[in-house]
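Coordinates in review
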Amino acid sequence: MKIIRSRAPLRLGLAGGGTDVSPYCDDFGGAVLNATIAMYAHCTIEPLTENKVYFAASDRSENFEDSARSQFDYDGLLDLHKGAYNRIVREFNQGKPLPCRVTTYSDALAGSGLGSSSTMMVAILTAFVEWLSLPLGEYEIAHMAYEIEREEIGLSGGRQDQYAATFGGFNFMEFNTGDHVIVNPLRVKNWIVNELNSSMVLYFTGVSRSSASIIDQQIEQFKTKGSLSLEASHKIKQDAYDMKEALLKGNISRFASILECSWQEKQKLAQNISNPDIDALMTEAKAVGALAGKVSGAGGGGFVMFIVDPVKKMDLVTMLSKKTGDVVNFNFEKQGVQSWLI
């Protein structure tokens, strides 16, 4: 019996995050700089001969089973699995059920700020693409993942995560009216990637949060012309362009300066993006040498990335290691989603 596996890389949102969310990107166009890291969402599909469907998120101890049918309702239990299954059956299997067992797990918790939910959707879809030999490229998979999450399941969020997971590497992404997305892969020299890796510390606060509620606040703010949130979004978009230039030139001090400014603007997008604990953490980090810090993703918790002079990196790591969260060693990942057949 054949087994299909896939894995999709999680991402760090470096600059421009939030400008990939409607209605901002529809009205003004969005721009995002991100990079994938060697942490992944994993999926395994086992085709079955019995007329059953099993979905499992082994890292969350969530399980679902039922007779195989053409569509499953969304009820909050493994909706990502159901959404991918429903779309594939409807669009590529003439509405006929696909008996199978779909098992997933992620290297990061949901709500971590690394795009874990969208990355998981990409991993599940790509496993189905591998199984059924579907003629879908990176753009098609990413767009389908976005449609399933945002339109069919109704989860609030942006567009960058699906494209980051699918393409992999360092990417500058542009989001325009009519869901027109352009992914520009960046040819970042190896020494620059190494220097950035040496200058970054990734810290998990231990607090997962729902990005949807924060993003819903952003969406409401976008609708108010002349609002503080709207002006902040314009600056955050410009930060993505400026940081791209700093990255390609290897100017890490400039990169850090933009990251810090972007974090200050990001906090104007919605309430709860920061909190007293995060503010205190940033202050302590700078006291031991951090040049800049920013919460990855929507904010409110999850992962925080710091830029620090490599000479002072261990001072920062030592300080963070005394906290309740965890310092996470990571490397950048050049490859996007991958799938294979056993």
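Throughout what follows, the structure given in this document is the object of discussion. Everything numeric here is computed off the predicted structure, so don't read it as measured data. Every chain's residues receive numbers from 1 upward, in the order its sequence appears when written. With the structure being a predicted model, the display of local features is reserved for residues of pLDDT at least 70 and the display and counting of side-chain atom pairs for 80 or more, all residues being used for whole-chain, interface and lining totals. As a rule here, side-chain values cover all heavy atoms of the structure and leave hydrogens and water aside.

With respect to the helices, strands and loops of the structure, Lys96 is situated in the loop between helix H2 (79-92) and strand E5 (100-106). Since its relative accessible area comes to 52%, Lys96 is described here as exposed. Sequence separation of Lys96 and Arg69 is 27 residues, and the distance between their C-alpha atoms is 7.2 Å. Helix and strand definitions here come from DSSP, where helices need a minimum of 4 consecutive H or I residues and strands a minimum of 2 consecutive E residues; each element is numbered from the N-terminal end. Note on classification: 1.4 Å probe, protein chains only; a residue is buried when its accessible area is under 20% of the maximum for its type, exposed when over 50%, partly exposed between these limits.

Turning next to the packing of helix H3 (residues 116-132) against helix H5 (residues 160-167). Note on definitions: angles span 0 to 180 degrees between N-to-C directions of axes, and those axes are lines fitted to C-alpha atoms, for helices only across the stretch in contact. At a minimum axis separation of 8 Å, H3 and H5 run at an interaxial angle of 50°. Classified by the interaxial angle, the pair formed by H3 and H5 is oblique. Of the two possible hands of crossing, H3 and H5 adopt the one that is right-handed. Seen from H3, the contacting residues are Ser118, Thr119 and Val122; seen from H5, they are Asp161, Gln162, Ala165 and Thr166. Charged residues are taken to be Asp, Glu, Lys and Arg, nonpolar residues to be Ala, Val, Leu, Ile, Met, Phe, Trp, Tyr, Cys and Pro, and polar residues to be all remaining types, Gly included. Of the residues belonging to the contact of H3 with H5, the class tally is two nonpolar, four polar and one charged. Should an angle fall under 35 degrees it is called roughly parallel, over 145 degrees roughly antiparallel, and 65 to 115 degrees roughly perpendicular, with every other angle called oblique. By definition, any crossing whose near helix is turned counterclockwise from its far helix by less than a right angle is left-handed, and any crossing with a clockwise turn is right-handed. Any two residues whose heavy atoms approach within 4.5 Å at even a single point are treated as in contact.

This part is about the side chain of Thr19. Of note, Thr19 is situated in the loop between strand E1 (4-15) and helix H1 (24-28). Its relative accessible area of 1% is what places Thr19 among the buried residues. A distance of 2.8 Å separates a polar side-chain atom of Thr19 from the backbone oxygen of Gly16. Here a polar contact is recorded for every N or O atom pair within 3.5 Å, except that within protein the pair must consist of a potential hydrogen donor and a potential acceptor, and residues adjacent in sequence are included only if both atoms are side-chain atoms. There is a polar contact of 3.1 Å between the side chain of Thr19 and the backbone oxygen of Ala31. Not counting the four nearest positions on each side in its chain, Thr19 is found in contact with Tyr24, Cys25, Gly30, Ala31, Val32, Ser233, Ile236 and Lys237.

With an omega of 5°, the peptide bond between Ser22 and Pro23 qualifies as cis. With respect to the helices and strands, Pro23 occurs in the loop between E1 and H1. Not every positive phi belongs to a glycine, and Leu78 is a case in point at roughly 55°. With respect to the secondary-structure elements, Leu78 resides in the loop between strand E4 (62-67) and H2. Leu78 sits in the buried class, given a relative accessible area of 5%.

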